[in-house]
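So the chains spell out like this:
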Number of protein chains: 2
Amino acid sequence: MAYVPSQELVAGVLAGEVRAIARLLTRAEMGAAEARPALDAMFRHAGRAHVVGITGVPGSGKSTLVALLAAAIRRSDRRVGIVAIDPSSPFSGGAILGDRIRMGELGGDPGVYVRSMATRGALGGLARGTLEAVDVLDAAGYEVVIVETVGVGQDEVDVARAAHTIVVVSAPGLGDDIQAIKAGILEIADIHVVSKCDRPDANRTIADLKNMLAMGMGSDTTVVERRPAALASPIVVSDPNLPAWRPPVIATSMVGDQGVALLVAAIDGHKSALAQSGEIETRRALIAERRLLKAGEEILRDEFARHRDGKVSALLDQLKSRAVSPRTAAARLLHELHIGGDS
Amino acid sequence: MAYVPSQELVAGVLAGEVRAIARLLTRAEMGAAEARPALDAMFRHAGRAHVVGITGVPGSGKSTLVALLAAAIRRSDRRVGIVAIDPSSPFSGGAILGDRIRMGELGGDPGVYVRSMATRGALGGLARGTLEAVDVLDAAGYEVVIVETVGVGQDEVDVARAAHTIVVVSAPGLGDDIQAIKAGILEIADIHVVSKCDRPDANRTIADLKNMLAMGMGSDTTVVERRPAALASPIVVSDPNLPAWRPPVIATSMVGDQGVALLVAAIDGHKSALAQSGEIETRRALIAERRLLKAGEEILRDEFARHRDGKVSALLDQLKSRAVSPRTAAARLLHELHIGGDS
């Protein structure tokens, strides 16, 4: 396979060519320096897609939900791009979500593009290139881009938050400490989903979630009851007269598509609400800020690696002998590196 | 309660006074600027404790294990400090681990100090001050400092890795995607624990773990079988003639202390092996590097926050209009801020 310069891939991506998309995503994931101008171009061309972040604790059924959601969005004839952070091991080769989805009804649909991005084990650079992958799929013309991450860990949650609509998935039957972690991410939700609601203990989960939301968010949250009658008319999420968006709670299951259809309606409703209230600008500002900080941290890591055997090494010796603290050493290093400067 | 200057707390901590420890830890967790010189002093005084990182997926029984481990270490008359990252919500007020441990046999033992540190929801600064909390307990004279984090997410895993001995906890009966996450952290283990081995499906978990380790690490891993006979003589971990440390697999349960005693022996064996092989220096260098990078990221976040309404704001406008990419904007900002410089 001949090497294609990254700049040439840009034209391919903008034309929606799947091979160009795949190649540029790989370069984004590798953090290849020569792909940087192409990725910068992707960012400038992006901005049309509605980006949906889906997060939840391990075991909440996020991957299954994403597959069902993508299929449901397809029914409205919109193209869907999916970026999934794969928590599986470097050992196993990853691509768990990808495999699952390929096995499902989405297989072979050219209107869906799925990319599983590996975490790099524990060795750093988690989800590097993830937000740039969103840019690529956005620029390639996918109207909806779904980003799926596990809702544990700052980086993972930050990735989900760099979305226009944030969906937090809960599920029945999880253990105590998973529930505790779940509680920590409830606050970021624009939409709550309780998955696996075919399980008999789902009502309990929904009740618990309602209680937690009521405690934490006062009366500002509307709960969509799990009544079949309500499923067909998602009134809470489409009322343009609502003063502010109130995160609905939607019950989904693998049996029957009503919940997922409601989720699509809620996502579209949230998109409309953002536009009508003007809150989309606030959201975009938040996303820009988050991305600026993430990019700064990435530059920092790259510079540290680049000077690993030089300036960094001398400071590490001082640190090892406890002559200076990490904070003091880091401040000196940043000063010496003139980070972001002409070095 | 009168305000005590942070510098005065230093003398209190070095004398092992619990109130001084508690106050300085609170200031570390808050990221209070005036506490910085005191925390720098803590770092310089630290370095004697053996730091044990305990991590594992949600549901693996880490908190229970930490409580049992601390009690077992106490039997050798060493003082134990515990820093636990609490994944529970800002809603609930946290301190899950702290509460559990206080209820257990450790309650009232002045030789054990437990600190639960809250994660800050999804709003950034996860585990800020965690490694400085380790410094404080180290400087206060606790011979063993245990740091417990959930093994999901870069920051969380990094905190566990800033330890001399890293224990990764697995457990039977967890779901598929939890297993996948588990696979991602196996590689960092110095010691593997399979908890909840009173469960009938534990043998399956141990067998699976052995298979994963055999696939990923070749013959370089020694597995301690779950035979009662083996529990009393942890030969694999105490043989000084071993060319390199081979991570043992230790089965623990809440019924019977044999497994936990073996874990103490393994931790002590790993400490000896690090010293005898000289690998402790490599480990210290890795920890120093990790802390330098983390401190650099912290400075970056602080500077971004400080200039939020100034230089940052102008670049955010360019970012929002997609005139520049996040990477380019971040590079410009870092240059303008002269981060780490005289500003």
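If you're wondering where the values come from, they're calculated on a predicted model, not measured in any experiment.

Within the largest apolar cluster, 51 residues are counted, with the highest numbers of intra-cluster contacts made by Val13, Ile21, Leu24, Val136 and Leu137 of chain B. Broken down by element, the residue count for this core peaks at six residues, all from helix α6 (residues 130-139) of chain B. Apart from the residues within four sequence positions on either side, leucine 137 of chain B is in contact with Ile21, Leu25, Gly81, Ile82, Val83, Tyr113, Tyr142 and Val145 of chain B. Counting residues in each nonpolar core, the second largest holds 50 residues, with Ala41, Ala49, Ala133 and Ala139 of chain A among its members.

Take the environment of arginine 308 of chain B next. Mapped onto the elements, arginine 308 of chain B comes out in the loop between α13 (279-306) and α14 (311-320). Measuring from C-alpha to C-alpha, the distance between arginine 308 of chain B and valine 169 of chain B comes to 41 Å, with 139 residues separating the pair along the chain. Once you skip the residues sitting within four places of it in the chain, arginine 308 of chain B turns out to touch Glu289 of chain A together with Ser313 and Leu316 of chain B. For arginine 308 of chain B, the side chain forms a polar contact with the side chain of glutamate 289 of chain A, separated by 2.8 Å.

Let us now look at unusual backbone geometry. Residue and element names in this part refer to chain B. Even without glycine at this site, aspartate 77 takes up a positive phi of about 65°. Take aspartate 77: its relative accessible area is 63%, and that puts it in the exposed class. Notably, lysine 196 is not glycine yet its phi reads approximately 60°, a positive angle. Position of lysine 196 relative to the elements: it lies in the loop between β6 (191-194) and α9 (202-217).

Scanning the entire structure with this criterion turns up four cavities of 30 Å³ or more. The space that makes up the largest cavity amounts to roughly 330 Å³. Lining the largest cavity are 24 residues, with Gly129, Leu131, Lys294, Ala295 and Glu298 of chain B positioned closest to its centre. Counting residues per element, the ones that place at least two in the lining of the largest cavity are α15 (326-337) of chain A together with α3 (36-45), α6, α7 (154-161) and α13 of chain B. In terms of residue count, the dominant contributor to the lining of the largest cavity is α13 of chain B (six residues). Looking at the lining of the largest cavity, its residues break down into eight nonpolar, three polar and 13 charged.

Rules of the game
- Residues numbered from 1 in each chain as written.
- Chains lettered and ligands numbered in written order.
- Predicted model: local features only at pLDDT ≥ 70, side-chain atom pairs only at ≥ 80, totals over all residues.
- Heavy atoms only, no water.
- Core = buried A, V, L, I, M, F, W, Y, C linked by side-chain atoms within 4.5 Å.
- Buried < 20%, exposed > 50% of the residue type's maximum accessible area, 1.4 Å probe, protein only.
- Helix = DSSP H or I, 4+ residues; strand = E, 2+ residues; numbered from the N terminus.
- Contact = heavy atoms within 4.5 Å.
- Polar contact = N/O pair within 3.5 Å; in protein donor to acceptor, adjacent residues only side chain to side chain.
- 1 Å grid on protein atoms, 1.4 Å probe; cavity = no way out; pocket = protein on both sides within 12 Å on 5 of 7 lines; lining within 4 Å.
- Points joined across faces, edges and corners; volume = space filled by probe spheres on them.
- Nonpolar A, V, L, I, M, F, W, Y, C, P; charged D, E, K, R; others polar.

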